[in-house]
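# Chains, contacts and geometry: an overview
Take a look at the letters that make up each chain.
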Amino acid sequence: MTLFEKIIARQIPANIVYEDDLVLAFRDIKPHAPSHVLIVPKKAIPRIAEAKVEDEKLLGHLLLKAVEVANKLGLQSTGYRLVINNGPDAGESVPHLHCHILGGRSLAWPPG
């Protein structure tokens, strides 16, 4: 089981900010912005490049719920960034698809 699967199964505690039948959102333990939340599908998909056609509805749900969580965090007026890393060179550290919701400060471009 990945770290995120253990969080979903409640084997590891997390500061959960949103949950439904398909996704779970929780605060990052090493935040890179004042607001840094991860939203993960409950279905184990290692990374975006390994998603299948049958995951299309889940992926859309994940992104729409990321927006909902960002709004719940009060980020809609100043803006926020959604980040999905794919592979180690992109910064992926847990092989379970997840989207970072980052906000609460000005974010530089390009990232990295």
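Since we're looking at a predicted model, the values are computed, not measured. (Residues numbered from 1 in each chain as written. Predicted model: local features only at pLDDT ≥ 70, side-chain atom pairs only at ≥ 80, totals over all residues. Heavy atoms only, no water.)

### Some thoughts on the nonpolar core
With 18 residues, the main nonpolar core has Val23, Ala25, Val37, Ile39, Leu62, Val69 and Ile101 as its most contacted residues. For this core, the secondary structure elements donating two or more residues are strand E1 (16-19), strand E2 (23-27), strand E3 (35-41), helix H2 (56-72) and strand E5 (99-103). Ranked by the residues each element gives to this core, the list is headed by H2, at six residues. Aside from chain neighbours lying at most four places away, what touches Val23 is Tyr18, Ile39, Val40, Pro41, Lys42, Leu58, His61, Leu62 and Lys65. Ile7, Leu38, Val40 and Val94 belong to the second largest nonpolar core, which has eight residues in total. (Core = buried A, V, L, I, M, F, W, Y, C linked by side-chain atoms within 4.5 Å. Buried < 20%, exposed > 50% of the residue type's maximum accessible area, 1.4 Å probe, protein only. Helix = DSSP H or I, 4+ residues; strand = E, 2+ residues; numbered from the N terminus. Contact = heavy atoms within 4.5 Å.)

### Side note on the packing of aromatic side chains
Scanning the entire structure with this criterion turns up one aromatic pair. For the pair Phe4 and Phe26, a centre-to-centre distance of 5.6 Å together with 65 degrees between the ring planes defines the contact as edge-to-face. Taken together, the residues Phe4 in helix H1 (residues 3-8) and Phe26 in strand E2 connect sequence positions 22 residues apart. Grouping residues by exposure puts Phe4 and Phe26 together as buried. (Phe/Tyr/Trp six-rings, centres within 6.5 Å; stacked < 30°, edge-to-face > 60°.)

### Things to note about unusual backbone geometry
A cis amide bond links Trp109 to the next residue, Pro110, at an omega of 0 degrees. Tracing the backbone shows Pro110 in the segment after E5. In this model, Arg10 sits at a positive phi of 65 degrees, which is unusual for a non-glycine residue. Mapping Arg10 onto the fold places it in the loop between H1 and E1. Under the relative-accessibility criterion, Arg10 is labelled partly exposed at 45%.

### Details of the pattern of salt bridges
Summed over all chains, the structure comprises six salt bridges. In this structure, Glu50 engages Arg47 in a salt bridge whose closest nitrogen and oxygen atoms are separated by 2.5 Å. Here Arg47 falls in the buried class, since its relative accessible area comes to 19%. A salt bridge links Glu92 to Arg47, with the shortest nitrogen-to-oxygen separation between them at 2.7 Å. In this pair, Glu92 is assigned in the loop between strand E4 (80-83) and E5 and Arg47 in the loop between E3 and H2, connecting sequence segments 45 residues apart. Comparing Glu92 with Arg47, the two get one shared label, buried. Each member of the salt-bridge network shares a partner with another, and the members are Arg10, Glu19 and Lys42. (Salt bridge = Lys/Arg side-chain N within 4 Å of Asp/Glu carboxyl O.)

That is the geometry; function is a separate question.
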